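Fold and geometry: a report
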Amino acid sequence: MNKTQNNKAWFLVLPVFLLVAFSAIIPLMTVVNYSVQDIFDQNNAYFVGVEWYREILQDPRLQDSLLRQFMYSASVLSIEVPLGIAVALMMPTRGAMASLTLILLAVPLLIPWNVVGTIWQIFARADIGLLGYVVNGLGIDYNYANNPVDAWVTVVLMDVWHWTSLIALLCYSGLRAIPDAYYQAAQIDRASNWAIFKYIQLPKLKGVLIIGVLLRFMDSFMIYTEPFVLTGGGPGNSTTFLSQTLTKMAIGQFDIGPAAAFSIVYFLIVLLVSWLFFTSISQLDKDKSKGTNNES
Amino acid sequence: MAEIHLKNLAHSYASDPEHTTDYAIHEMTHVWEQGGAYALLGPSGCGKSTLLNIISGLVKPSHGSVMFDGVEVNNISTQDRNIAQVFQFPVIYDSMTVYDNLAFPLRNMKVLESEVDSKVREVADILDLGDILLRKANNLSADQKQKISMGRGLVRDDVSAILFDEPLTVIDPNLKWKLRRKLKQIHERYNITMVYVTHDQLEASTFADKIALMYEGKIVQFGTPRELFENPNHTFVGYFIGSPGMNLLKMQLSEKGAELGGVTFKLSLAQRMQLENTGTNNLTLGIRPEFVQLSATANDESLACTIQHTEDLGTYKIVTVLLGENSIKVRLDEEQHVPAGDAYMNFPSQWVRFYADEYLINSSEEETL
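For the structure given in this document, a descriptive report is provided here.

Quick notes on the rules
- Residues numbered from 1 in each chain as written.
- Chains lettered and ligands numbered in written order.
- Predicted model: local features only at pLDDT ≥ 70, side-chain atom pairs only at ≥ 80, totals over all residues.
- Core = buried A, V, L, I, M, F, W, Y, C linked by C-beta atoms within 7 Å.
- Buried ≥ 20, exposed ≤ 12 C-beta atoms within 10 Å, placed from the backbone.
- Helix = DSSP H or I, 4+ residues; strand = E, 2+ residues; numbered from the N terminus.
- Contact = placed C-beta atoms within 7 Å.
- Pairing = 2+ DSSP bridges.
- Axes fitted to C-alpha atoms, helices over the stretch in contact; angles between N-to-C directions.
- Parallel < 35°, antiparallel > 145°, perpendicular 65-115°, else oblique.
- Left-handed = near helix turned anticlockwise from the far one by under 90°.
- Nonpolar A, V, L, I, M, F, W, Y, C, P; charged D, E, K, R; others polar.

Residue and element names in this part refer to chain B. Core analysis: the largest hydrophobic core is formed by 80 residues, its most contacted members being Tyr 38, Leu 40, Ala 161, Val 195, Tyr 196 and Leu 213. Considering every element that reaches this core, the biggest residue donor is helix α3 (residues 98-108), with six residues. Other than its neighbours up to four places away in sequence, Ala 161 contacts Ala 2, Ile 4, Ile 83, Ile 192, Thr 193, Met 194 and Val 195. Among the nonpolar cores identified, the runner-up in size contains 20 residues, and Leu 248, Leu 249, Ala 258 and Val 319 belong to it.

Rendered as structure tokens:
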């Protein structure tokens, strides 16, 4: 049999190629292009090499907001992941209550980000907000507009309120996928609830947790709208995160060159950390087995 | 180790059972003696897994009680019943090594690590898991995983009973007999009460000393494999046990004897009296294919029949014979000659069984026994 040679089939790939080119490659390359030039006007652009990169990496304003960004992502992840797992474990598994819980949990996820910011801005206000008023009523001096610590707590709390549901829902679906026989066998082996969690539920949740942690890391690391609406980055610069700094630089001051260089660095950081997360979680098993081998 | 006594036990998954059809398990009283190897045999959906889960405590019976050594355990949790159960699909803790899997039940009981080690190695030795002890459990083959599941039941010295819920379903056929053999050895060595659920009569009879045959939520017969074969006390037992199952012919009493769809089978006086005493019209004659005799020549007792076809299975033959309106299976040895076309068959009287309303009518010899 002769195999039909028909290279016209390659044309079928063209739409995808174009789509990817316009949606990802070309915009990214534009940014790369800006990041290596100093542009004064349409006719005056000078190639500056890595000059902008050197400048932004030494800029204390950016270093500070990068540090804040890491602290923010770390605190958000360290609260949302355990809390989300705990919520998923406590959720009812069947009946009307199960559906109701699912709907209630999904509600925060459906609210637009700037609305979340607005909700919390009012909710947490010391004078008229329910939360702020109650906390002050308890004798705790709380005002997110003046006190950096209060601002931080509020921003983190808002993110926890907004996104814990995502982890909880992912874990819930993961938990439902565990066959009953595992729980029955564990009962027969007299496993404690903690042992059931550690040896059955957690290993089976690994897959959804990788997704959950990655999503939450990327989202929280790129957060812009909510803190911007809530605190506007203040008081001072205490809740100014990376994307806000970037926006100020690119749009407020129109420093396209440094802003482009900054964007590239930002992108690479997200990529690097996500890769680190992914590999470390998926390697977890191998490390553990080595550990046990050494023990016994 | 324990004797397991099911007392007036019944179970319904419905919260408010009204009809008998609501029951997964009909009321029964049954005793599994300490140290016995039992099989719980029956078709899919007859309630055998439910019964097993009731014994282990995973399912709480709606009626009656479960007693271990005379103590009611209805309200004792699975954890505290001290029972081992092996499931249809192997359950292993895949983040652990084989060693840790086997040690898991002992560690949950806070047994000293030195004892854990000796026990795990002993069990691994019996199950031939010794050389893979340090491997991760999740990449093993199905039979190795199932052996680990069994091993977790065996490491505990004080286990009351080991329950098996069709444990060999996912195992390759050529490994099945090996594992079955292993189970038998373990039973002989530890003298633990074992209950083995299966729908495979071969599995049941090779493993068990006594088989409980379940049908529609009832144990219809409890006996040795031989008893089930020779004296099925319910038509379902006759049909289910044996390959092929018992020939079951609907019959009516007449002046001349028993009418079997156009053929008259002569009855002795005693037989006739027994059948008349049952007071029912739902009468069945049963005879095993192994016991039907075929010949080309007639004798006093013989019934005229027509040979339809013969299946030669290599070690024996199955002959399908038309007797009146009924089709009858006859199992013959390989070297036996099969007459062609018209033939005659005999039902040796010691192998003929009569059933009234599907239950065996005890013959007079047995009553005197």
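Residues and elements named next belong to chain B. Spatially, the six strands line up as an open sheet ordered β13-β12-β11-β14-β20-β21, and their pairing is antiparallel. Each edge of the open sheet is held by one strand with a lone partner, namely β13 (264-265) and β21 (359-360). Alignment of strand β11 (residues 247-253) against strand β14 (residues 283-287), held across five bridges, turns out to be antiparallel. By the bridge assignment for β14, Asn 247 is matched with Ile 287.

With that settled, the discussion passes to the environment of Leu 51 of chain B. All names here are of chain B. Turning to its location among the elements, Leu 51 is positioned in helix α1 (residues 48-56). For the pair Leu 51 and Gly 217, spaced 166 residues apart in sequence, the C-alpha separation works out to 8.8 Å. Residues contacting Leu 51, with those up to four places away along its chain left out, are Ile 25 and Leu 40.

All names here are of chain B. The peptide bond linking Ser 243 to Pro 244 adopts the cis configuration, its omega dihedral lying at -5 degrees. Mapping Pro 244 onto the fold places it in the loop between α9 (235-240) and β11. Even without a glycine there, the phi angle at Glu 166 is positive, about 45 degrees. Assignment of secondary structure puts Glu 166 in the loop between β7 (161-165) and α6 (173-190).

Before going further, it helps to examine the packing of helix α3 (residues 60-90) of chain A against helix α7 (residues 148-176) of chain A. When two helices pack together, their arrangement is given by the angle between the helix axes and by the axis-to-axis distance. Residue and element names in this part refer to chain A. Two elements in contact, α3 and α7, have axes separated by 7 Å at closest approach and are oriented at 45 degrees. Taken together, the axis directions place α3 and α7 in an arrangement best described as oblique. In this structure, α3 crosses over α7, and the sense of that crossing is right-handed. Along its contact with α3, which presents Ser 75, Val 76, Ile 79, Glu 80, Val 81, Leu 83, Gly 84, Ile 85, Val 87 and Ala 88, the element α7 presents Val 156, Asp 159, Val 160, Trp 163, Thr 164, Ile 167, Ala 168, Cys 171, Tyr 172 and Leu 175. Within the contact of α3 with α7, the residues separate by chemical class into 15 nonpolar, three polar and two charged.

Every contact between the two is made by 24 residues of chain B and, on the other side, 20 residues of chain A. Looking at the side of chain B that touches chain A, the elements with two or more residues in it are α2 (78-81), β6 (84-86) and α3 of chain B. If one sorts the elements of the side of chain B that touches chain A by residue count, α3 of chain B sits on top with five residues.

A few words on the environment of Val 98 of chain B. All names here are of chain B. One can find Val 98 in helix α3. Using a count of 26 C-beta atoms within 10 Å as the deciding quantity, one classes Val 98 as buried. Taking the C-alpha atoms as reference points, Val 98 and Ile 148, separated by 50 residues in sequence, lie 7.1 Å from one another. With sequence-adjacent residues up to four places away left out, Val 98 is seen in contact with Leu 129, Ile 132, Leu 133, Arg 135, Ala 137 and Ile 148.

Residues and elements named next belong to chain B. Read from one edge to the other, the open sheet built from six strands follows the order β6-β7-β8-β3-β9-β10, with strand pairing classed as mixed. Both edges of this open sheet fall to β6 and β10 (218-223), since each of them pairs with a single strand only. Averaged over all pairs of adjacent strands, the angle between strand axes in this sheet comes to 20 degrees, irrespective of strand direction. Judged from the five bridges that link them, β7 and strand β8 (residues 193-198) form a sheet pairing that is parallel. Bridging from a neighbouring strand, Ile 162 pairs with Met 194 of β8.

Residue and element names in this part refer to chain A. Its place among the elements puts Phe 70 in helix α3. We classify Phe 70 as partly exposed; it has 15 C-beta atoms within 10 Å. Remark: the alpha-carbon pair of Phe 70 and Leu 242, spanning 172 residues in sequence, is separated by 9.6 Å.

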